[in-house]
Amino acid sequence: MYHLAICLHIHIFISDPFQKSLLCSIYCIWHHSVCKYCTTSAAVTFRADCTVLDYSPRQIESERMVAQREGYEIRIIRGDMTKPLPFSDGEFDLVFHPVSNCYVREVKPIFKECFRVLAPGGALLSGLDNGVNFMFLDENSRDKLCVFPFDPVANPEQRAQLEAENDGMQFSHTLEEQIGGQLEAGLTLTHVYEDTNGEGILHEHNIPTFWATRAVKG
């Protein structure tokens, strides 16, 4: 629910027509509903030529299925967003980067690659976890706070916690890394939006856990 809410507000950020009509959706693993919604919107509503980069074969197959069902063309590439992106400089007018930084340890190189593949005037739309979800071992219990950064590679206790819950490897990131990383890459921040989990005790207390940002390449 909350991922779709972020996507909808990012969707409002799109105000200018595509010049080259290209969209790159980077690493949508796990957030399937967001990826399919935004890819379909770009392809159908804006008639954009869409490219999806994802590491998960299941997600790639899901993107292909939706494209066939909705009747639009899509270029699908399996790749790792922690590596140099397999695209030319200035290839895209829009890069949509959903909430996925939490699955990688280093995020600044990702923003540098997004800057590289964007055309001048192009925009990066990002969904970002602000770290609050990593504060407690159990959201409904405030008895024990986690040590930051949440890094299961460096912290065996945190790794055991994720394994006990059958979760994938996840990492917390700071404002400096995620907003500062976009600025360091050369992007200009134009819009910011906050959202909650959509359910649970943090949502009930109106505590934001996610950011959505729009940044442009000058």
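Residues numbered from 1 in each chain as written. Predicted model: local features only at pLDDT ≥ 70, side-chain atom pairs only at ≥ 80, totals over all residues. Heavy atoms only, no water.

> What's the story with helix α4 (residues 108-117) in this structure? I'm lost.
Side chains three or four residues apart in an α-helix point the same way, a direct result of the helix having 3.6 residues per turn. When we look at burial in α4, the residues that qualify are Ile110, Phe111, Glu113, Cys114 and Val117. For α4, the angular spread of buried residues about the axis comes to 160°, placing them on one side. (Buried < 20%, exposed > 50% of the residue type's maximum accessible area, 1.4 Å probe, protein only. Helix = DSSP H or I, 4+ residues; strand = E, 2+ residues; numbered from the N terminus. Arc of directions from axis to C-beta.)

> What exactly am I supposed to notice about the nonpolar core here?
One finds Phe87, Val95, Phe111, Val117 and Leu124 to be the most contacted residues of the largest nonpolar core, which totals 20 residues. Put simply, the parts of the chain that give this core at least two residues each are β4 (92-97), α4, β5 (118-129) and β9 (210-217). The dominant element in this core, judged by the number of residues it contributes, is α4, at 4 residues. Among the nonpolar cores identified, the runner-up in size contains 9 residues, and Ala48, Val66, Tyr72 and Ile76 belong to it. (Core = buried A, V, L, I, M, F, W, Y, C linked by side-chain atoms within 4.5 Å.)

> I would appreciate a short explanation of the environment of Glu157 in the present structure.
Topologically, Glu157 is positioned in helix α5 (residues 156-164). Once the C-alpha coordinates of Glu157 and Cys146 are considered, the two residues, 11 residues apart in sequence, prove to be 9.8 Å apart.

> Help me understand the pairing of strand β2 (residues 49-54) in this model?
Two faces make up the sheet, and in a regular strand the side chains alternate between them. In terms of residue burial, β2 counts as a mostly covered element, since 5 of its 6 residues are buried. With 5 bridges connecting them, β2 and strand β3 (residues 74-78) associate as parallel partners. By the bridge assignment for β3, Val52 is matched with Ile76. Chirality of the crossover, the property in question, places the unit of β2, helix α3 (residues 57-70) and β3 among those that are right-handed. (Pairing = 2+ DSSP bridges. Right-handed = clockwise from strand over helix to strand, strands pointing away.)

> Is there a simple way to think about the pattern of salt bridges in this case?
Note on pairing: side chains with opposite charge can pair once their charged atoms come close. Taken as a whole and assessed by the stated rule, the structure comprises 8 salt bridges. For the salt bridge of Glu61 with Arg64, the shortest nitrogen-to-oxygen distance reads 3.1 Å. With Glu61 and Arg64 both in helix α3, this residue pair falls 3 residues apart, about one helical turn. Take Arg64: its relative accessible area is 33%, and that puts it in the partly exposed class. Measuring nitrogen to oxygen at the nearest pair gives 2.9 Å for the salt bridge that ties Arg69 to Glu70. (Salt bridge = Lys/Arg side-chain N within 4 Å of Asp/Glu carboxyl O.)

> For this particular structure, what's the right way to read a nonpolar patch on the surface?
A surface patch of nonpolar side chains, about 280 Å² in accessible area, is lined by Met135, Leu145 and Phe148. For Met135, the position within the fold is in the loop between β5 and β6 (136-138). Residue Met135 is classed as partly exposed on the basis of its relative accessible area of 30%. (Patch = residues over 30% accessible without salt bridge, like charges linked within 9 Å, V, L, I, M, F, W, Y side chains within 5 Å. Areas by Shrake-Rupley, 256 points an atom, 1.4 Å probe, with all protein chains shown as cover.)

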